[in-house]
Amino acid sequence: MRPSVRGSKTTASNKYFHTVGVLLIMKRMAKGALALMAMSSMVWLSACGSASKSAGAAELGALDPANPTKITFYSYSLAYPTMKAGMEQLIKEFNDTVGKEKGVVVEGVADSTMQQYKADISAGKEVDVVQHTFSTLDSSRLSLGFKAYEDIFPKDQLDEHLKGISPNALELGKIDGKMYGLAFTFSTPIVFINGKLFEEAGLDPAKPPKTWDEIKAASLQIKAKTGKDGFGLTPSNGWITEGLILSNGGQVLAKDRKSADFGSDASIAAIQMWKDLYHNGASAPGTENELAEQFMAGNLGMYVSSTALHSGAKKAADAGGWKLYGAALPQFGDTPSVPVNSGSVLAVRPDSAVKTAAVWEFIKFVTGDRGYTIITSQIGYLPLRTGLADDPNGLKDFVEQNPLYKINLDQLTRIQPVAIWPGDNATEMAKVFTDAIVKSVMSDDDVKTTLTTAQNEINGMMP
Amino acid sequence: MSQSLDNTIAPSLSGGTIIVRRRLSKKKLRRFKPYLYLLPAVALLSIWMYRPLLYTFYLAFQKWSMVPGTSPVFVGFDNFEHLFHNKSFIDSIGNTIFYTVGLLPFSILIPMILAVVTDRMESKSKNFYRAMFFIPMILAPVSVSAIWRWLFHPSNGLVNYLLVKLHLIKEPIAYFSDPGFAKWIILLITGWKMIGFSTIMFSAALTSINREYYEAASQDGAGSFRQFVHITIPLLSPMIIFMLTMSILFSSQWTFAYIDMLTTGGPYGSSTNIYYEMYRFAFSSLNAGLSSAAALLFFVVFGLIALGLNMVSRKFAFYDN
Amino acid sequence: MFHRSPIQSFARHGMLVLLCVLAVFPLYWMLNSSLKNESEIFTSSIFPHKPVFSNYTYAFTQMPIVRMAFNSFAVSIMMTMLQLATSLLAAYALVRWRFRGKGVIFAILSLTWLIPFQSIMIPNYVLVNDLGLNDTLLGIVLPFSVSTFAILSLYQSFQSFPGVLIEAAQIDGMSDWSILTRLIIPNTRSTIASLGILQFINAWNEYLWPMLIAKSMNHAPLQIGLRLFVNSDTNMWGSLMAATTVSCVPILLIYLILRRQIVDSFVRFGIK
């Protein structure tokens, strides 16, 4: 063994001695290298020809049932165990019914990180329909070639289809007056409540706290009586935070969407309140996943999150032998709270007339009566055709069995859109905003300074 | 071994020059032969290393989302300007330094002590210890992250359970979402993985130190600590500098996987590093220009550091022989 | 040479045993958790009271683990073979001949040390896309088909190969190719094997690039499949630890069998 070990030592240190000689040689080579660099960049420049396409007209191609058109549907719901089955059912039902009849085959692609559609579009793959979140829609529209519904689908058919969908919801996917996304899966924030912990703490889960002050009192009471955390809201959640700010009279983005505006006193006060909960042990620490786990394991009294977790929470409650209750997003004082929406729109980018027709069939199905019935009953999102909740053939029974949905449908009337950050720096802006909120809540830094700094940084990135 | 040469830049080993009587065509062929053998390696390096490097330098001055059908647009030094106004990027530089410096105990100090302590043991137990220390090194980052995530889980993790049981903390800590802990945990995991490897490197270097030095020192009455300081450290200095260089150049790459798996750089960027930001700029914000500008910048910075360390290592090189 | 008291020796071993425990305990905890049932997973018991394999069956139904393991092996073996082939040829040329531009070649090789993968990922990603190799195993392998680390390491080993033997072979009329394949390679087998093992482990553990290229579980190596699993599932720690255990088993088995060679090759060549 000894000789090899001896040799090894020289090997290891010699690797570095190469570099010395190397750098000397590089000096000599520098001239040549520069020429090479200039040359190659010229090659690239000439290789990168422009290839922009003109906007398509609102005409649909002819579908052929004998020779079906295949389209891809990128969905994050397909990647989550709690939502997967419902989403698969939705796709399968379409393929077996309308798809078969008209000649469309939809292929679902699970996209757990919501990054894959970007990567695949940049890889030149065919990405036709994307379940897209709100905050970065504008950026995708600009850089990923998503199309406005008005530009590609026939106007009369579009108008006909949109009837019955909550007008509030329709507004949310619009940018500069055009619809770049049709509201698809949709939820509002809700306070999930563990009935057992409430009762153990001497509280009545049927009369849940309404204001943030009551939340704090209840949370501390649960903690004192049961030793378990009373309340949880993840600082990095992103969207519920916006509801908090709006509820206190602040705003995230200015009305004209030209600047960020979350540094106002109302916003600061809202975040300050949350910081107070957090630092006084009234708000449990943890990531979104960790808090969800904690709640479902029966170790958290109240948990604010998306309705999408309803089916999972209900199952966990049944398994753990406790009862699940719910409450609306808490309010500041006497002013009713302003919830924002979470969830997704369908963004489309068909590249031919036939595909446009195929995509349109799919859109009509999944955002139609049957589609929303499946989405609500199997996955847990809200029915955006609100009429379905009273429709005996639709979701009447379901909503009666799951009273938590009434809270959400009620909130739908007060809902405000989540901020769609403008321009192609949207992802970066959304991150700066979220980071600033997390920092304000968790650290000892001054809320006002943190938010103002972030606001300025975002304004520096505005288009 | 008589023929082995130490000149690393232009070694001549072959007996090729001995046989000179060859026909011209063969001679010509011979002249091309080295290039032929080098061709696959050099061609592949050009395609996958140097072409992309130059392309990255080019992209640093462009704005591009990498979407097919779109082309880069020249923007001058805009990307660099944005970079220096990007708070998360500025913060990431501080973290990069934190990780680089923080890793040094794990890659040098602790391993050196372990190597010295195990050095004079009988070979059976020595090999056993070293084999055990080495296990973390061969495990994949994803597996390692999954395991530590579970160990440090806030409500159900073993670490919190034990700390609470031992009354060291009052309440469970959410390590990965706490800005005070996130980067320390990542450092700890990276270091945990490094110790075994560095220990073995130092052990190998120790084995080659001549025992007579110690015997002489011992006769002069020097205690083990003084021997360590006056003999071991100077004789190990080439290895120390080697590990230092590796540690500095690579620590940002070693932490990358854990950042991505455990915290994605958060909370509020408190655990990110420059390489993770580059990745985020490119594949999350689809801003190839910004990412490339950062790459260009740090290529230069690390180049200078490597050059500096090289000079230092040449100064110490005489200990090697 | 030194006289140490038993107490000192005991303390020393105690410290080392403690460090060993720190090194391997996480692995034990992984295995332990993977065998616990749902009600036991959240407890801190050191042994599973009633070991179950349901976590494994769940993991195997949720992920194409066999397929992913195959992918991992395929990718790692392809990378290792390509790297060995290219570096054997290159190192041989560097040791064997004196030729014009040798300095430049060394420069090209050594400078790659300074190129972090993150600074070339975008162009390589674009190229792999353009070649239509996104989400394929070949797309993962190609950028790693050459390793300057392997070239320089082999170069160092070849340098100590006795020159007289080469001269003798040449006088016997052996061609340059045969000198490499029939003289040098057989005689440096163990070195090449160590390097191969090292490159295999590196390939197996590669993270960033496979993560960018592998999109679907069917085309993903174990590591990346596991990453998708980790990020998509909550509250399934038992099966997550089962999947992690499965992902560690191949490399641990290799380590168990080839421990000496693996440790030796790391010592000999360092890491990249």
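Residues numbered from 1 in each chain as written. Chains lettered and ligands numbered in written order. Predicted model: local features only at pLDDT ≥ 70, side-chain atom pairs only at ≥ 80, totals over all residues. Heavy atoms only, no water.

Asks: Describe the pattern of salt bridges, with residues and values.
Replies: Applying the stated rule across the entire model yields 28 salt bridges over all chains. For the salt bridge of A:Asp96 with A:Lys92, the shortest nitrogen-to-oxygen distance reads 3.0 Å. Residue A:Asp96 and its partner A:Lys92 are both found in helix H2 (residues 81-102); the two are separated by four residues, about one turn of the helix. Put simply, B:Asp260 and C:Arg227 hold a salt bridge, and the shortest N to O gap is 3.0 Å. Residue B:Asp260 is located in helix H9 (residues 224-263), and its partner C:Arg227 is located in helix H12 (residues 222-232); the two belong to separate chains. The class of C:Arg227 is buried, set by a relative accessible area of 10%. (Salt bridge = Lys/Arg side-chain N within 4 Å of Asp/Glu carboxyl O. Helix = DSSP H or I, 4+ residues; strand = E, 2+ residues; numbered from the N terminus. Buried < 20%, exposed > 50% of the residue type's maximum accessible area, 1.4 Å probe, protein only.)

Asks: For helix H6 (residues 155-162) of chain A, give the residues involved together with the corresponding values.
Replies: Residues separated by three or four positions in an α-helix point in the same direction, a consequence of the helix having 3.6 residues per turn. Residues and elements named next belong to chain A. Taken together, the buried positions of H6 are occupied by Leu158, His161 and Leu162. Down the axis of H6, the smallest arc covering the buried residues is 95°, so these residues share one side. Exposed residues on H6 whose side chains face more than 90 degrees from its buried face are Asp156 and Glu160. Against the buried residues of H6 lie helix H5 (149-152), helix H7 (167-171), strand S5 (178-179), strand S6 (182-187) and helix H14 (353-366). (Arc of directions from axis to C-beta. Contact = heavy atoms within 4.5 Å.)

Asks: Kindly report on the nonpolar core, identifying the contributing residues and their values.
Replies: A:Phe262, A:Trp421, B:Phe134 and C:Met121 are the most contacted members of the largest nonpolar core, which has 327 residues in total. Per-element accounting of this core gives the leading share, 18 residues, to H9(B). Setting aside anything within four residues of it in sequence, one finds B:Phe134 in contact with B:Gly196, B:Phe197, B:Ile200, C:Tyr255, C:Ile262, C:Val263 and C:Phe266. One finds A:Ile190, A:Ala313, A:Leu404 and A:Ile407 within the second-largest nonpolar core, a separate group that totals 14 residues. (Core = buried A, V, L, I, M, F, W, Y, C linked by side-chain atoms within 4.5 Å.)

Asks: With reference to specific residues and values, describe the interface of chain C and chain B.
Replies: One widely used convention gives an interface's size as the accessible area the parts lose upon coming together. If you look at the interface, chain C gives 106 residues, while chain B gives 101 residues. Roughly 9,600 Å² is buried in total at the junction of chain C and chain B, and carbon and sulfur atoms are behind 74% of that figure. Taken together, the connections running from chain C to chain B amount to two salt bridges. If you look at where chain C meets chain B, you find 17 residue pairs in polar contact (both at pLDDT 80 or more). The element contributing the most residues to the side of chain C that touches chain B is helix H1 (residues 6-34) of chain C, with 16 residues. Residues belonging to the side of chain C that touches chain B are distributed by class as follows: 74 nonpolar, 20 polar and 12 charged. (Buried area = accessible area lost by both parts, 1.4 Å probe. Polar contact = N/O pair within 3.5 Å; in protein donor to acceptor, adjacent residues only side chain to side chain. Nonpolar A, V, L, I, M, F, W, Y, C, P; charged D, E, K, R; others polar.)

Asks: How would you sum up the pairing of strand S9 (residues 300-306) of chain A? Please name residues and give values.
Replies: Residues and elements named next belong to chain A. Among the seven residues in S9, seven count as buried, and that is most of the element. As defined by bridge partners, strand S7 (residues 189-194) adjoins S9 across five bridges and the pair is classed as antiparallel. Opposite Pro189, over in S9, you have Ser306 as the bridge partner. Where strand S8 (residues 229-232) and S9 come together, three bridges link them in parallel fashion. Bridge assignment links Phe231 to a residue of S9, and that residue is Met302. (Pairing = 2+ DSSP bridges.)

Asks: So, the domain arrangement of chain A: which residues are in play, and what are the values?
Replies: Residue and element names in this part refer to chain A. According to the domain assignment, chain A consists of domain 1 (69-186 + 343-414) and domain 2 (190-340 + 425-459). Inter-centroid distance (C-alpha atoms) of domain 1 to domain 2 is 27 Å. Each partner contributes to the interface: domain 1 provides 18 residues, whereas domain 2 provides 22 residues. Between domain 1 and domain 2, roughly 1,600 Å² of surface is buried when both sides are summed, and carbon and sulfur atoms account for 57% of that area. The largest share of the area that domain 1 buries against domain 2 comes from Leu404, Gln411 and Arg414, three residues that together contribute 35% of it. Where domain 1 packs against domain 2, one counts one salt bridge. Asp138 is the salt-bridge partner of Arg257, the closest N and O atoms lying 3.6 Å from each other. Connecting domain 1 to domain 2 are three residue pairs in polar contact (both at pLDDT 80 or more). (Domains from an automatic or database assignment.)

Asks: Run through the sheet that holds strand S11 (residues 342-348) of chain A, naming residues and quoting values.
Replies: Residues and elements named next belong to chain A. The strand order across the open sheet built from five strands is S2-S1-S3-S11-S6, with neighbouring strands paired in mixed fashion. Both outer strands of the open sheet, strand S2 (104-110) and S6, are each paired with one neighbouring strand and no more. Direction aside, the axes of adjacent strands within the sheet are offset by 25° on average. Bridging between strand S3 (residues 129-133) and S11 involves five bridges; their strand directions are antiparallel. For Val129, the partnering residue across the bridge sits in S11 and is Val348. (Axes fitted to C-alpha atoms, helices over the stretch in contact; angles between N-to-C directions.)

Asks: Before we move on, can you summarise the UniProt feature "transmembrane region" (unreviewed entry) in chain B with the specific residues and values?
Replies: In the UniProt entry, the feature "transmembrane region" (unreviewed entry) is given for residues 35-61, 97-117, 129-151, 184-207, 228-250 and 288-309 of chain B. Taken as a whole, residues 288-309 of chain B contains 100% helix and 0% strand, while its terminal C-alpha atoms sit 31 Å from one another. (UniProt positions renumbered as here; feature names shortened; annotations may be inferred.)

Asks: Let's hear about the confidence of the model for chain A: which residues, and what values?
Replies: Here chain A shows a mean pLDDT of 82. Residues at 70 or above account for 87%. Across residues 1-57 of chain A, where pLDDT falls below 50, the model places 77 contacts with residues more than four positions away in sequence or in other chains. (pLDDT = per-residue confidence, 0-100.)

Asks: Can you lay out the packing of aromatic side chains for me, pointing to particular residues and giving the numbers?
Replies: In the structure shown here, the tally under the stated rule is 57 aromatic pairs over all chains. Measuring from centroid to centroid gives 4.6 Å for A:Phe153 and A:Trp360, while their planes differ by 25°, and the two rings are stacked. On the criterion of sequence distance, the pair formed by A:Phe153 in the loop between H5 and H6 and A:Trp360 in helix H14 is long-range, its members being 207 residues apart. The pair formed by A:Phe153 and A:Trp360 is uniform in burial state, with each residue classed as buried. Between B:Phe152 and B:Phe176, the ring centres sit 6.3 Å apart and the planes meet at 85°, which makes this aromatic pair edge-to-face. Pair noted here: B:Phe152 is in the loop between helix H5 (141-151) and helix H6 (158-165) and B:Phe176 is in the loop between H6 and helix H7 (182-207), with a separation of 24 residues, a long-range link. Each member of the pair B:Phe152 and B:Phe176 is classed as buried. Taken together, B:Trp148, B:Phe152, B:Tyr175, B:Phe176, B:Phe181 and B:Trp192 form an aromatic cluster joined through their ring pairs. The side chain of B:Lys183 reaches across the aromatic face of B:Phe98, ending 4.8 Å from its centre. (Phe/Tyr/Trp six-rings, centres within 6.5 Å; stacked < 30°, edge-to-face > 60°. Lys NZ or Arg CZ within 6 Å of the ring centre and 35° of its normal.)

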